[in-house]
Amino acid sequence: MRAYAIAHLREAAPHPEIAEYIERIPATFEPYGGRFLVHATQHEVKEGSWPGHVVVIGFPGIAEARAWWDSPAYREIAPLRSRHIEGDIILVEGVPEGYDPTATAQAMRETLPAG
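Residues numbered from 1 in each chain as written. Predicted model: local features only at pLDDT ≥ 70, side-chain atom pairs only at ≥ 80, totals over all residues. Heavy atoms only, no water.

Participant: What am I meant to see in the packing of helix 2 (residues 62–70) against helix 3 (residues 72–82) here?
Facilitator: Helix-helix packing is characterised by the crossing angle of the two axes and by the distance between the axes. Following both chains from N to C, one finds helix 2 and helix 3 inclined at 65 degrees, their axes separated by 5 Å at the closest point. The residues of helix 3 that touch helix 2, namely those facing Trp68, Trp69 and Asp70, are Pro72, Tyr74, Arg75 and Arg81. Classifying every residue of the contact of helix 2 with helix 3 gives 4 nonpolar, no polar and 3 charged. (Axes fitted to C-alpha atoms, helices over the stretch in contact; angles between N-to-C directions. Helix = DSSP H or I, 4+ residues; strand = E, 2+ residues; numbered from the N terminus. Contact = heavy atoms within 4.5 Å. Nonpolar A, V, L, I, M, F, W, Y, C, P; charged D, E, K, R; others polar.)

Participant: For this particular structure, what's the right way to read the pattern of salt bridges?
Facilitator: Considering all chains together, one arrives at 5 salt bridges under this definition. For the salt bridge of Arg83 with Glu17, the shortest nitrogen-to-oxygen distance reads 3.0 Å. Taken together, the positions of Arg83 in the loop between helix 3 and strand 4 (87–93) and Glu17 in helix 1 (residues 16–29) put the pair 66 residues apart, joining distant regions of the chain. Residue Arg83 is classed as exposed on the basis of its relative accessible area of 51%. The shortest N-O distance in the salt bridge between Glu20 and Arg24 comes to 2.8 Å. Remark: Arg24 and Glu20 occur in helix 1; sequence separation between them is 4 residues, near one turn of the helix. Among the residues examined, Glu20 registers a relative accessible area of 30% and is labelled partly exposed. Salt bridges sharing partners connect three or more residues here, namely Glu20, Arg24 and Glu76. (Salt bridge = Lys/Arg side-chain N within 4 Å of Asp/Glu carboxyl O. Buried < 20%, exposed > 50% of the residue type's maximum accessible area, 1.4 Å probe, protein only.)

Given below as structure tokens:
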């Protein structure tokens, strides 16, 4: 099942370390089958607010995403970003092929009080 690293990064002033991070990051996720799915693109806010940028990196599975995050290569460059950009980053599994959300809705209904 595919997995994703998703980052919500706040606006930051340009800095040479950020440029270096962007140049070096692809080499850190490629050994784990990762690739950018969303990066340096515009987004359109439909509800709420979303200050900053979104980045999505796809991986073959959650094990590969975790291995990338914990890898010495990524841990070495992560401070180049984190010293200059605030943000939130998550690793998340995708849904399996043929996922049916009605099963989730049914399970939710079963936990509701009768009424």
